[in-house]
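# Structural characterization, general
The residues making up each chain are set out below.
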2 protein chains.
Amino acid sequence: METDYSLYLVTDRKDRTEQEFLNIIEESIKGGVTLIQLREKTASTQEFYNIARKVKEITKKYNVPLIINDRIDIALAIDADGVHVGQEDMPTQIARKLIGPNKILGVSAHILEEAKKAKEDGADYLGVGAIFTTSTKNDANDVSIETLKNITKSINIPTVAIGGINLDNAHQLKNTKIAGFSVVSAIMNANNPKVASQKLKEIYKNLD
Amino acid sequence: METDYSLYLVTDRKDRTEQEFLNIIEESIKGGVTLIQLREKTASTQEFYNIARKVKEITKKYNVPLIINDRIDIALAIDADGVHVGQEDMPTQIARKLIGPNKILGVSAHILEEAKKAKEDGADYLGVGAIFTTSTKNDANDVSIETLKNITKSINIPTVAIGGINLDNAHQLKNTKIAGFSVVSAIMNANNPKVASQKLKEIYKNLD
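Throughout, a residue's number is its position along its own chain's written sequence, starting from 1. Chains and ligands are labelled sequentially in the order written, the chains with letters from A and the ligands with numbers from 1. It should be noted that, the model being predicted, local features are given only for residues of pLDDT at least 70 and side-chain atom pairs only at 80 or more, the latter also being counted only at that level, while totals for whole chains, interfaces and linings use all residues. The basis for every side-chain value is the complete set of heavy atoms in the structure, and neither hydrogens nor water enter the calculation.

## What about the packing of helix H1 (residues 18-30) of chain B against helix H8 (residues 193-205) of chain B?
All names here are of chain B. Just so we agree on the cut-off: Only the stretch in contact is used when a helix axis is fitted, and all axes are lines through C-alpha atoms; the angle between N-to-C directions ranges over 0 to 180 degrees. The helix and strand labels rest on DSSP assignments: H or I over at least four residues marks a helix, E over at least two residues marks a strand, and numbering proceeds from the N terminus. Definitions for this section: a left-handed crossing has its near helix turned counterclockwise from the far helix by less than a right angle. A right-handed crossing has that turn clockwise. Only heavy atoms enter the contact rule, under which two residues are in contact if any of them lie within 4.5 Å.
Between H1 and H8, the least distance of the axes is 7 Å, while the angle of their chain directions is 35 degrees. The two elements H1 and H8 meet at a crossing, and its hand is right-handed. Listed contacts from H8 to Ile24, Glu27, Ser28 and Lys30 of H1 are Pro193, Lys194 and Ser197.

Next comes the structure, spelled out in structure tokens:
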């Protein structure tokens, strides 16, 4: 089945309890999120493994793919649906080799050359950003909407836009030919993650 | 071939240049180190991968096993000889499943129950400590020499002692039936890592 990238939630657990965190994920899926990326930058390996198992129970229930950020060991340990690697993570070719041909492999790209290389090295999709200003990733490079358009025009694998996308600015991504919005705070920090997801999905549908 | 655990170097790269770091590893092997564990707690995945590949060139040249601390993805990516997991890392059974039956699996243990469970779950050897006070790991629990003896007496897989072992205190581990010394600073910070390794090896040989 072809992967639906239209509304892609990247998690940011912060100091939430496990139950609060899992509830947000479940509500976001009920609201229309089509893909979950579990991102844990400070957890121990065992903590990451334990939370990943619990998130997988939810994504499995709703038949939504679960992608693990960076850590291929965690992805293999819980048999996740895929892995997302940044430019400082495992090289794309090695990641593909480790997860095999059938798992989803996403790669972050900030310029056309990175996007081209990612595709050549085995990426299934690209995450391009940060499109708007974001507080989630301090190390995020800025990417203009022109660069985003150039990438979607030149590289024929699905591209999701990421970085500060929210209900106020998402419509600015019209005519970019993106396969979806990748969001963090717009859903994770929403008062109602389900409603926020529904609204983002609606904006995506009306983009082009 | 049976693994020789007698002098086991756990690395601490700190702010050394890559060449300084690799030189210490090579000199330590020339001085008698029998096993290298590459431990990187702050590196990005790609940095860890790159340094691991370079360390492997050296360990391969001298036919010394290379063990990766915690990160099974790195171990698989560079085809290391094994993995060492702590109590906050991947559960032992999952680690064994991911690396397969033939790679070396080491597990940190601080009490007899952890040692017993590690063996049951597939560990090839145990790392027990911290035996002496150490500045390398702030989270290290203290383990008495009595506990160490109890573990080596009760659990019939090789046990290495770790934690603050140096030229001044190593002789205190006599009659503990350990399979080797696991050291960090005593070699990494030595003026002459080769000579320090030779001296530690000599102390180990005269332990029992």
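## Concerning the packing of helix H1 (residues 18-30) of chain A against helix H2 (residues 45-61) of chain A
Residues and elements named next belong to chain A. Under the convention used in this document: An angle below 35 degrees is read as roughly parallel, one above 145 as roughly antiparallel, one from 65 to 115 as roughly perpendicular, and any other as oblique. Residues are grouped as follows: Ala, Val, Leu, Ile, Met, Phe, Trp, Tyr, Cys and Pro are nonpolar; Asp, Glu, Lys and Arg are charged; all remaining types, including Gly, are polar.
In the contact formed by H1 and H2, the axes pass within 10 Å of each other and the chain directions differ by 25 degrees. By the angle class used here, H1 and H2 are roughly parallel. Our pair here, H1 against H2, has a crossing hand that is right-handed. Contacts between H1 and H2 involve Glu18, Phe21, Leu22, Ile25, Glu26 and Ile29 from the former and Ile51, Lys54, Val55, Ile58, Thr59 and Lys61 from the latter. In terms of residue class, the contact of H1 with H2 is made up of seven nonpolar, one polar and four charged.

## Topic: the relation of the copies chain A and chain B
Note the following rule: A least-squares superposition brings the copies together, and it is based on the C-alpha atoms of residues with pLDDT no lower than 70 in both.
For the pair chain A and chain B, the best superposition has an RMSD of 0.0 Å and corresponds to a rotation of 180 degrees with a translation of 0.0 Å parallel to the axis. On this basis, the relationship between the two copies can be described by a two-fold rotation axis. Residue Asp73(A) of chain A places its C-alpha closer to the rotation axis than any other residue of that unit, at 2.3 Å. Interface overlap between copies: 100% of the residues of chain A at the interface are likewise at the interface in chain B, consistent with a symmetric, same-surface contact.

## Quick look at the pairing of strand S2 (residues 35-38) of chain A
Residues and elements named next belong to chain A. The criterion, for reference: Think of it in three bands: residues with accessible area under 20% of the maximum for their type are buried, residues over 50% are exposed, and the middle band is partly exposed, with areas taken using a 1.4 Å probe on protein chains only. We treat two strands as partners when DSSP finds at least two bridges between them. A clockwise path from the first strand over the helix to the second, with the strands pointing away from the viewer, defines a right-handed crossover.
Where burial is concerned, the two faces of S2 agree: the one with Leu35 and Gln37 and the one with Ile36 and Leu38 are both buried. One ladder, built from three bridges, connects strand S1 (residues 7-10) with S2; its direction is parallel. Counterpart to tyrosine 8 in the pairing with S2 is leucine 35. This β-α-β element, S1 to H1 to S2, shows right-handed connectivity. Summarising the sheet, S2 and strand S3 (residues 66-69) pair through three bridges and their orientation is parallel.

## Quick look at the environment of Ser144(B)
When you line up the elements, Ser144(B) lands in the loop between strand S6 (125-128) and helix H6 (145-154). Placed 34 residues apart in sequence, Ser144(B) and His110(B) show a C-alpha to C-alpha distance of 9.2 Å.

## Remarks on the pattern of salt bridges
Should the charged atoms of two oppositely charged side chains come close, the side chains can pair. Using the following cut-off: Each salt bridge in this description consists of a side-chain nitrogen of Lys or Arg and a carboxyl oxygen of Asp or Glu lying within 4 Å of one another.
Enumeration according to the criterion identifies 22 salt bridges over all chains in this entry. Arg71(B) is the partner of Asp73(A) in a salt bridge, and the nearest nitrogen-oxygen pair spans 4.0 Å. Taken together, the residues span two chains, with Asp73(A) in helix H3 (residues 72-78) and Arg71(B) in the loop between strand S3 (66-69) and helix H3 (72-78). Neither residue differs from the other here; Asp73(A) and Arg71(B) are each classed as buried. Asp124(B) is paired through a salt bridge with Arg96(B); the nearest N and O atoms lie 2.7 Å apart. Placement of Asp124(B) in the loop between helix H5 (112-120) and S6 and of Arg96(B) in helix H4 (residues 92-99) is noted, with a sequence separation of 28 residues between them. The exposure class of Asp124(B) is partly exposed, given its relative accessible area of 29%. According to the relative accessible area criterion, Arg96(B) is buried, its value standing at 14%. The structure contains a network of salt bridges with shared partners spanning Arg71(A), Asp73(A), Arg71(B) and Asp73(B).

## Let's talk about helix H5 (residues 112-120) of chain A
Residues and elements named next belong to chain A. Note the following rule: The directions considered for the arc run from the helix axis to the C-beta atoms.
Every buried residue of H5 is accounted for by Leu112, Ala115 and Ala118. The buried residues of H5 occupy one face: seen down the axis, they fall within an arc of 125 degrees. Facing away from the buried side of H5, by more than 90 degrees, are the exposed residues Glu113 and Glu120. Each element contacted by the buried residues of H5 is listed here: helix H4 (92-99), strand S5 (104-109), strand S6 (125-128) and helix H6 (145-154). Among the residues trailing H5, glycine 122 stands out with phi positive, at a value near 115 degrees.

## Quick word on the side chain of Asp121(B)
All names here are of chain B. For clarity, the threshold we go by: Polar contact is defined as a pair of N or O atoms within 3.5 Å, subject to the rule that within protein one atom must be able to donate a hydrogen and the other to accept it, and that residues adjacent in sequence are counted only when both atoms are side-chain atoms.
By the secondary structure assignment, aspartate 121 is in the loop between H5 and S6. With a relative accessible area of 12%, aspartate 121 lands in the buried category. Among the polar contacts made by the side chain of aspartate 121, one reaches the side chain of lysine 117 at a distance of 2.6 Å. Residues within four places of aspartate 121 in sequence aside, it is in contact with Thr92, Gln93 and Arg96.

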